[in-house]
Amino acid sequence: MKFLRYLCPALLLAASVLALPACKTAQEPTTVPDYTYRSDESTAEATTAAGADEVFTVNESWQKNFAAEYKYFDSAASENTVTIRETRCDTAFAAEYPDTGNLIYYEANGGDIDCYTVAPAEKQYMHTVVKNKSVSDISTTLMKLTAVSEELPERSNVLYIGEETVAGRVCKKYIQRAYTDGAVTETVYVWVDAQYGFAMKCEDYDGEDALKTYWEVTSFSAGGVTAADAGVDLSAYTFTEG
């Protein structure tokens, strides 16, 4: 029996903010275990064709050039909600944590990337060079966190609710439930951006309706981001070479 994995290839965040391991930040979202949503195990899962209003198309073109701010909460990691701001263009990428002043910044340098991490509370200021990589190789937390499978609307334990707006953007809202012995053990609401097909917002509840994981994109724009927009003023820091 085939089951749809949560909502995306991984709701789990990588152990680092980015998919380039040479550079880490002191404030990283905790890895969330992957799991599978199931229909009632006593009933065979039957996939039905989704209606035209329910389906969406994944268009990852936005990932090349964007500016976004989002909130993330994981009850297993902290009681606090983390705010993250990501800005990306062809030659630079910045992930900033406004609440703490932490940041990670990548800048193209010929055929390599200069990586800077700033963690004021820990007094950590590090510069490393990622060899033979470009900014286009970076897979950011936002990109991984919000990825959604186009198969979502076709699953038997998914219900399309309708269109709602998140951060001024039209989204398709779905609810997905997991069951064990007929009892609900997990409920997820997800708002999928109608233009690009990524999860602008997600709420994940356990069987007792307690919020487990949550994120929401609070501002988003694609295209038009320049190197100046993505750039970070590093003149106030003295970096240790790593």
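Placed above this text is the structure.
Residues numbered from 1 in each chain as written. Predicted model: local features only at pLDDT ≥ 70, side-chain atom pairs only at ≥ 80, totals over all residues. Heavy atoms only, no water.

Student: Please explain the pairing of strand β8 (residues 169–180) as it appears in this structure.
Tutor: Within a regular strand, side chains alternate between the sheet's two faces. Here 8 bridges tie strand β7 (residues 158–166) to β8, and the two strands are oriented antiparallel to one another. Across the sheet, residue Val-166 finds its bridge partner in β8, namely Arg-169. Joining the antiparallel neighbours β7 and β8 is a turn of 2 residues, in which Ala-167 adopts a positive phi near 50 degrees. Note that β8 and strand β9 (residues 183–193) share 10 bridges and pair antiparallel. Paired with Arg-177 across the strands is Thr-187, a residue of β9. Here β8 folds back onto β9, and the loop between the two strands holds 2 residues, one of which, Asp-181, carries a positive phi near 55 degrees. (Pairing = 2+ DSSP bridges. Helix = DSSP H or I, 4+ residues; strand = E, 2+ residues; numbered from the N terminus.)

Student: Help me out: how do you make sense of the packing of aromatic side chains in this one?
Tutor: Where two aromatic rings form a pair, the distance of their centres and the angle of their planes describe that pair. Under the defined criterion, the tally for this structure stands at 12 aromatic pairs. Among the aromatic side chains, those forming a connected cluster through ring pairs are Trp-62, Phe-66, Tyr-196, Phe-198 and Phe-220. Geometry around Trp-191 places Lys-201 over its ring, the cationic atom sitting 4.5 Å from the centre. (Phe/Tyr/Trp six-rings, centres within 6.5 Å; stacked < 30°, edge-to-face > 60°. Lys NZ or Arg CZ within 6 Å of the ring centre and 35° of its normal.)

Student: Teacher, can you tell me more about the nonpolar core here?
Tutor: By size, the foremost hydrophobic cluster in this structure holds 39 residues, and its most contacted members are Trp-62, Tyr-106, Tyr-174 and Phe-220. Grouped together as the second largest cluster of nonpolar side chains are 12 residues, Ala-94, Leu-103, Tyr-105 and Val-225 included. (Core = buried A, V, L, I, M, F, W, Y, C linked by side-chain atoms within 4.5 Å. Buried < 20%, exposed > 50% of the residue type's maximum accessible area, 1.4 Å probe, protein only.)

Student: Would you take a moment to explain the environment of Glu-154 for this structure?
Tutor: Relative to the helices and strands, Glu-154 resides in the loop between α1 (141–145) and β7. Classification of Glu-154 by relative accessible area gives partly exposed; the value is 32%.

Student: Explain the pattern of salt bridges to me, please; I cannot follow it from the model alone.
Tutor: Here the idea is simple: oppositely charged side chains can pair when their charged atoms come close. With the rule as written, the count across this model stands at 6 salt bridges. Asp-112 serves as the salt-bridge partner of Lys-131, at 3.6 Å between the closest nitrogen and oxygen. Here the residue Lys-131 occupies a position in the loop between β6 (124–130) and α1, and Asp-112 occupies one in strand β5 (residues 112–119), the gap between them amounting to 19 residues. For Asp-112, a relative accessible area of 17% translates into the label buried. Between Glu-203 and Lys-201 there is a salt bridge, with its nearest N and O atoms 3.7 Å apart. (Salt bridge = Lys/Arg side-chain N within 4 Å of Asp/Glu carboxyl O.)

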